[in-house]
Amino acid sequence: MQTAYSKEELRNMLAPLRGGRLVLVPTMGALHEGHASLLRQARVLAGDSGSVVASVFLNPVQFDNAGDLSSYPQTPEADLELCRSCGVDVVFMPTPEVMYCADRSVTMEETHLSTVLCGAKRPGHFAGVCLVVSKLFNLVQPTDAIFGKKDYQQLAILRRMVRDLDFPITLHGAEIVREADGLALSSRNVRLTPEHRAAAPSIRKALLEASAAYTNGASATDVCVAVQRSLEAIPGVRVDYVTLCDAETLHELTDEKRLALLAVAAYFGDVRLIDNIELTRRA
Ligand code: PAF
């Protein structure tokens, strides 16, 4: 495994790998089993003849809250170890100064899917994600890229970006990896207090109950109210949003035959957790 710290090193390391399948897994570091699952899927996709590139870059441009950025865990040594153990060929680990020119002045904004869910709560977040991912796409020029479905909205927005800007890249969505008690893996979980960590699996429990209710005919409003109530009953928890929407457009579900998405964001103390589940009506 090779590690590139500059764009030039990355270019040189990738030059001999071009021509075959090149699978990119973008990350912000603090890697956990969820990332390991993305990296292993990338390795399978690339096969013996292709290559896997992981980027480890805590992208300051996508943080709408300075406290969230400064408290975000950083574990570069362990990240490199995990990448090595998952069969990554090249890790790109730039600093913000390497990644961005100080006077950068071009933005990258998706203007429809980004206006709802997390986008409505975190101004500028998805523009920052689109900017860094489009830069990574240009730098790495992968044939494929993998993103987790925990960030469902992010995946939908990046699919739209690839479609609308004709990036010649196939995107793959990977299933959410969970702790045994149902909590979706996240780099932020380590910041939960023991009490909030113990309570956090309630998100998954509420989503599963909602899914059963929706399948059996409960209205979108009733489903959302039930999830909101069960989370609000936990001391120290503040619900940011509970939304049931069309899984593709992320806007209002106008046709119940289509796949729905139930998405939740909630603060456990000052740690913001997100999770989601795809829903269908009983046929
Ligand atoms: O999902 C993430 O970790 C980040 O948003 C991403 C896609 C690596 C861009 O910084």
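1. With respect to the nonpolar core
Reasoning step 1: Ranked by internal contacts, the top residues of the largest apolar core, which has 46 residues, are F137 and L250.
Reasoning step 2: With 10 residues, the single largest contributor to this core is helix 7 (residues 125–140).
Reasoning step 3: Counting 28 residues, the second largest nonpolar core, distinct from the first, contains L183, L192, A199 and V237.

2. Quick notes on empty space enclosed by the protein
Reasoning step 1: With the rule as written, the count across this model stands at 2 cavities of 30 Å³ or more.
Reasoning step 2: Empty space within the largest cavity amounts to approximately 920 Å³.
Reasoning step 3: Along its surface, the largest cavity is lined by 49 residues, and M28, H35, K150, D151 and Q154 are the ones closest to its centre.
Reasoning step 4: Those elements giving two or more residues to the lining of the largest cavity turn out to be strand 2 (22–27), helix 2 (33–46), helix 6 (117–121), helix 7, strand 5 (144–148), helix 8 (152–165), strand 8 (260–268) and strand 9 (271–279).
Reasoning step 5: The leading source of residues in the lining of the largest cavity is helix 7, at 6 residues.
Reasoning step 6: In the lining of the largest cavity, the residues fall into 26 nonpolar, 14 polar and 9 charged.
Reasoning step 7: Roughly 60 Å³ of internal volume is contained in the second largest cavity.
Reasoning step 8: Of all the elements, strand 9 adds the most residues to the lining of the second largest cavity, at 3 residues.
Reasoning step 9: Per-class residue counts for the lining of the second largest cavity are 5 nonpolar, 2 polar and 2 charged.

3. Topic: the packing of helix 10 (residues 202–215) against helix 11 (residues 220–232)
To describe two helices that pack against each other, one gives the angle between their axes and the distance between the axes.
Reasoning step 1: Closest axis-to-axis distance for the helix 10/helix 11 pair is 9 Å, and the angle between their directions is 160 degrees. When the axes of helix 10 and helix 11 are compared, the pair comes out roughly antiparallel. Crossing handedness for the pair helix 10 and helix 11: right-handed. Facing S202, I203, A206, A210 and Y214 of helix 10, the residues of helix 11 in contact are V223, V227, S230 and L231.
Reasoning step 2: Each residue belonging to the contact of helix 10 with helix 11 can be placed in one class, and the counts come to 7 nonpolar, 2 polar and no charged.

4. Quick notes on the site of the ligand
Reasoning step 1: Taken together, P26, T27, M28, N59, Q62, V129, V132, F147, D151 and Q154 form the complete shell of residues around the ligand.
Reasoning step 2: In this structure, an oxygen atom belonging to the ligand sits 2.6 Å away from a side-chain N or O atom of Q62.
Reasoning step 3: Interatomic distance of 2.7 Å between a side-chain N/O atom of Q154 and an oxygen atom of the ligand.
Reasoning step 4: Counting atoms within 2 Å of the grid points, the majority share of the ligand lands in the largest cavity.
Reasoning step 5: At the level of elements, strand 2 and helix 7 are the ones that each hand at least two residues to the shell around the ligand.

5. A closer look at helix 7
Reasoning step 1: Between the first and last C-alpha of helix 7 there are 22 Å, a value that for 16 residues agrees with the 22 Å anticipated at 1.5 Å per step.
Reasoning step 2: Among the 16 residues in helix 7, 13 count as buried, and that is most of the element.

6. With respect to the environment of Y72
Reasoning step 1: Tracing the backbone through its elements, the reader meets Y72 in the loop between helix 3 (66–70) and helix 4 (76–85).
Reasoning step 2: In this structure Y72 comes out as buried when scored by relative accessible area, which is 9%.
Reasoning step 3: Taking the C-alpha atoms as reference points, Y72 and A30, 42 residues apart in sequence, are found 8.3 Å from one another.
Reasoning step 4: Those residues within four positions of Y72 in sequence are excluded, and the remaining contacts are M28, A30, L58, F63, S187 and R188.

7. A look at the pairing of strand 9
Reasoning step 1: Counting buried positions along strand 9 gives 8 out of 9 residues, so the element sits mostly inside the fold.
Reasoning step 2: Across 9 bridges, strand 8 lies against strand 9 in antiparallel orientation. Note on strand 9: the bridge partner recorded for F268 is V271.
Reasoning step 3: Where strand 8 hands over to strand 9, the hairpin turn is made up of 2 residues, of which G269 adopts a positive phi near 65 degrees.

8. Comments concerning the pattern of salt bridges
Close approach of charged atoms allows side chains with opposite charge to pair.
Reasoning step 1: Evaluated as defined, the whole model comprises 19 salt bridges.
Reasoning step 2: Between E33 and R40 there is a salt bridge, with the nearest N and O atoms lying 3.4 Å from each other.
Reasoning step 3: Residue class for R40 comes out partly exposed when judged on its relative accessible area of 41%.
Reasoning step 4: Linking K205 and E209 is a salt bridge whose minimum nitrogen-to-oxygen distance equals 3.4 Å. Here K205 pairs with E209, and both are found in helix 10, just 4 residues apart, close to one helical turn.
Reasoning step 5: Judged by its relative accessible area of 53%, K205 falls in the exposed class.

Basis of the calculations
- Residues numbered from 1 in each chain as written.
- Predicted model: local features only at pLDDT ≥ 70, side-chain atom pairs only at ≥ 80, totals over all residues.
- Heavy atoms only, no water.
- Core = buried A, V, L, I, M, F, W, Y, C linked by side-chain atoms within 4.5 Å.
- Buried < 20%, exposed > 50% of the residue type's maximum accessible area, 1.4 Å probe, protein only.
- Helix = DSSP H or I, 4+ residues; strand = E, 2+ residues; numbered from the N terminus.
- 1 Å grid on protein atoms, 1.4 Å probe; cavity = no way out; pocket = protein on both sides within 12 Å on 5 of 7 lines; lining within 4 Å.
- Points joined across faces, edges and corners; volume = space filled by probe spheres on them.
- Nonpolar A, V, L, I, M, F, W, Y, C, P; charged D, E, K, R; others polar.
- Axes fitted to C-alpha atoms, helices over the stretch in contact; angles between N-to-C directions.
- Parallel < 35°, antiparallel > 145°, perpendicular 65-115°, else oblique.
- Left-handed = near helix turned anticlockwise from the far one by under 90°.
- Contact = heavy atoms within 4.5 Å.
- Near = heavy atom within 4 Å.
- Polar contact = N/O pair within 3.5 Å; in protein donor to acceptor, adjacent residues only side chain to side chain.
- Sits in = over half its atoms within 2 Å of the grid points.
- Expected span 1.5 Å × (residues − 1).
- Pairing = 2+ DSSP bridges.
- Salt bridge = Lys/Arg side-chain N within 4 Å of Asp/Glu carboxyl O.

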